[in-house]
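Listed here are the chains, written in short residue letters.
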Amino acid sequence: PCSKEEMIERLKEVLARRGALSGAILDSQPGVHSGGYYRVVFGSLERVYALAGYEMSLRQRITTRMVRKRWGLAPSGLDRPLGPDPASSRLDCDP
């Protein structure tokens, strides 16, 4: 099993190698979960990117908000603390 903190560390490694984060970048990285998996676990890519120390480009932020609005989705949840999660010990570390 993998903790949320370990998942964030993997994102930091990708960020160090690639200099940016996106769903497409995550989907192309061996040994890293897909962008969709991160979205499910953390609530949004915007939120997990912030936790990994990455600030989305203006284009990424606008696109994300437009999609969320179009699909009637809740805001990204950036204001919610990561906090302990009883399910975090059950996350699969292997993509």
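Definitions and cut-offs
- Residues numbered from 1 in each chain as written.
- Predicted model: local features only at pLDDT ≥ 70, side-chain atom pairs only at ≥ 80, totals over all residues.
- Heavy atoms only, no water.
- Helix = DSSP H or I, 4+ residues; strand = E, 2+ residues; numbered from the N terminus.
- Areas by Shrake-Rupley, 256 points an atom, 1.4 Å probe, with all protein chains shown as cover.
- Salt bridge = Lys/Arg side-chain N within 4 Å of Asp/Glu carboxyl O.
- Buried < 20%, exposed > 50% of the residue type's maximum accessible area, 1.4 Å probe, protein only.
- Core = buried A, V, L, I, M, F, W, Y, C linked by side-chain atoms within 4.5 Å.
- Contact = heavy atoms within 4.5 Å.
- Phe/Tyr/Trp six-rings, centres within 6.5 Å; stacked < 30°, edge-to-face > 60°.

1. Thoughts on the overall build of the chain
And step 1. The helix and strand inventory of the chain stands at five helices and zero strands.
And step 2. N-terminal to C-terminal, the α/β element order of the chain is α-α-α-α-α.
And step 3. For the chain, the accessible area works out to roughly 6000 Å², and carbon and sulfur atoms hold 57% of it.

2. A short note on the pattern of salt bridges
And step 1. In total, this model carries three salt bridges according to the counting rule given.
And step 2. The salt bridge partner of lysine 12 is glutamate 9, with a shortest N-O separation of 3.4 Å. Here lysine 12 and its partner glutamate 9 are both found in helix H1 (residues 4–18), three residues apart, which amounts to about one turn of the helix.
And step 3. With its nearest N and O atoms 3.9 Å apart, the salt bridge here joins glutamate 55 to arginine 61.
And step 4. For glutamate 55, a relative accessible area of 65% gives the class exposed.

3. Things to note about the nonpolar core
The tendency in soluble globular proteins is for nonpolar side chains to be buried side by side.
And step 1. Residues Leu11, Leu21, Leu26, Tyr38, Phe42, Val48 and Tyr49 are the most contacted members of the largest nonpolar core, which totals 19 residues.
And step 2. Those elements that provide at least two residues to this core are H1, helix H2 (23–28), helix H3 (35–42) and helix H4 (45–51).
And step 3. At five residues, the largest contribution of residues to this core is made by H1.
And step 4. Setting aside chain neighbours within four positions, we find leucine 26 in contact with Leu11, Val14, Leu21, Val32, His33, Ser34, Gly35, Tyr38, Leu45 and Tyr49.

4. Structural notes on the packing of aromatic side chains
And step 1. A complete count under the given rule lists two aromatic pairs for this structure.
And step 2. Both rings, one in tyrosine 38 and one in phenylalanine 42, keep their centres 6.1 Å apart while their planes meet at 15°; by these two values the pair is stacked. Of the two residues, tyrosine 38 and phenylalanine 42 both sit in helix H3, four residues apart, roughly one turn of that helix.
And step 3. Measuring from centroid to centroid gives 5.7 Å for tyrosine 49 and tyrosine 54, while their planes differ by 80°, and the two rings are edge-to-face.

5. Thoughts on the environment of glycine 23
And step 1. With respect to the helices and strands, the residue glycine 23 is situated in helix H2.
And step 2. Taking relative accessible area as the criterion, glycine 23 reaches 22% and is therefore assigned partly exposed.
And step 3. For the pair formed by glycine 23 and glycine 36, sequence separation is 13 residues and the distance between their alpha carbons is 7.5 Å.
And step 4. Look past the residues within four positions of glycine 23 in its chain and what remains in contact with it is Gly35, Leu45 and Tyr49.

By themselves these figures say nothing about function.
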